[in-house]
Amino acid sequence: MPDTSRFDSLLSAKGLRLTRQRQAVVDAMLDAKGSFTAQELHDKLRADHSGVGLTTVYRTLEILSEGGAVERVHGLNHCEAFVVAGQHHSHTIVCSRCGSASELLDCGCDELVEAAARETGFRIDDHVIQLSGICKSCAVKERAARS
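Now for a description of the structure that goes with this document. Think of each chain on its own: its residues are numbered from 1, step by step along the sequence as written. At least 70 in pLDDT is required for a residue's local features to be given in this predicted model, at least 80 for side-chain atom pairs to be given and counted, and no such filter applies to totals for whole chains, interfaces and linings, which use all residues. Excluding hydrogens and water, the side-chain figures rest on all heavy atoms present in the structure.

### Looking at the pairing of strand β3 (residues 91-95)
Next, step 1: The cut-offs for exposure are 20% and 50% of the maximum accessible area for each residue type, with area from a 1.4 Å probe on protein chains only; residues under the lower value are buried, those over the upper are exposed, and the others partly exposed. The secondary structure listing takes helices from DSSP runs of H or I that are at least 4 residues long and strands from runs of E that are at least 2 residues long, numbered from the N terminus. Among the five residues in β3, four count as buried, and that is most of the element.
Next, step 2: Relative to strand β4 (residues 101-104), β3 runs antiparallel, the two sharing four bridges. Among the inter-strand pairings, His91 is bridged to a residue of β4, identified as Leu104.
Next, step 3: Pairs of strands are assigned from DSSP output, requiring at least two bridges between the strands. Linking β3 to β4, which pair antiparallel, is a turn of five residues; within it Gly99 sits at a positive phi near 85°.
Next, step 4: Where β3 meets strand β5 (residues 130-133), four bridges bridge the pair, whose relative direction is parallel. Across the sheet, Ile93 pairs through a bridge with Leu131, a residue of β5.

Structure representation (structure tokens):
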């Protein structure tokens, strides 16, 4: 069973408990292979007969997103999707075919951030980068389909 203590801590900080329904959302997130939408989580939970409503899924994802435990990404068909965030600052690479996601820990954009701060006078607190492309598995399938 994966450690869900960081999700529980985020909810507690908001004065909320990790209820059975929220635990089901967290478990479904952790089971997801790559990016996922709120609707996809809800569909999985409905199929599992968990009784979790779509509103609970959205609210849980919103709270976890605000706390940095999940990241919003552009998923398949450029729809809003989510990925479980790593423990460290990272950026996301999402496959535009299958929705699989990977983390990029070193974005190498420190100089860009510093230059933007100097040029604009902003104090830059955060940045988000998402790369999209085709994962190795989908690229192999694509080459095989062309053969």
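Now that the structure is up, let's keep going.
### Focus on helix α3 (residues 38-47)
Next, step 1: Among the residues of α3, Ala38, Leu41, His42 and Leu45 are the ones counted as buried. An end-on view of α3 places all buried positions within 100° of arc, on one side of the element.
Next, step 2: Two residues or fewer after α3 comes His49, characterised by a positive phi angle close to 60°. Taken from the helix axis, the directions to the C-beta atoms give the arc we talk about.

### A word on the nonpolar core
Next, step 1: The set of buried Ala, Val, Leu, Ile, Met, Phe, Trp, Tyr and Cys residues whose side-chain atoms join them within 4.5 Å is what this entry labels a nonpolar core. By size, the foremost hydrophobic cluster in this structure holds 17 residues, and its most contacted members are Val25, Met29, Leu41, Leu45, Val57, Leu61 and Leu64.
Next, step 2: Secondary structure elements with two or more residues in this core: α2 (20-31), α3 and α4 (54-66).
Next, step 3: Ranked by residues supplied to this core, first place goes to α2 with five residues.
Next, step 4: What Leu61 contacts, discounting residues up to four positions off in sequence, is Met29, Phe36, Ala38, Leu41, Val70 and Phe82. Any two residues whose heavy atoms approach within 4.5 Å are treated as being in contact.

### Focus on the sheet that holds β3
Next, step 1: Taken in spatial order, the three strands make up an open sheet running β4-β3-β5, and their pairing is mixed. The sheet is open, and its two borders are formed by β4 and β5, each paired with just one other strand. Averaged over all neighbouring strand pairs, the angle between strand axes comes to 25°, with direction disregarded. Fitted lines through C-alpha atoms serve as axes, helices being fitted only where they are in contact, and the angles separating the N-to-C directions of these axes extend from 0 to 180 degrees.

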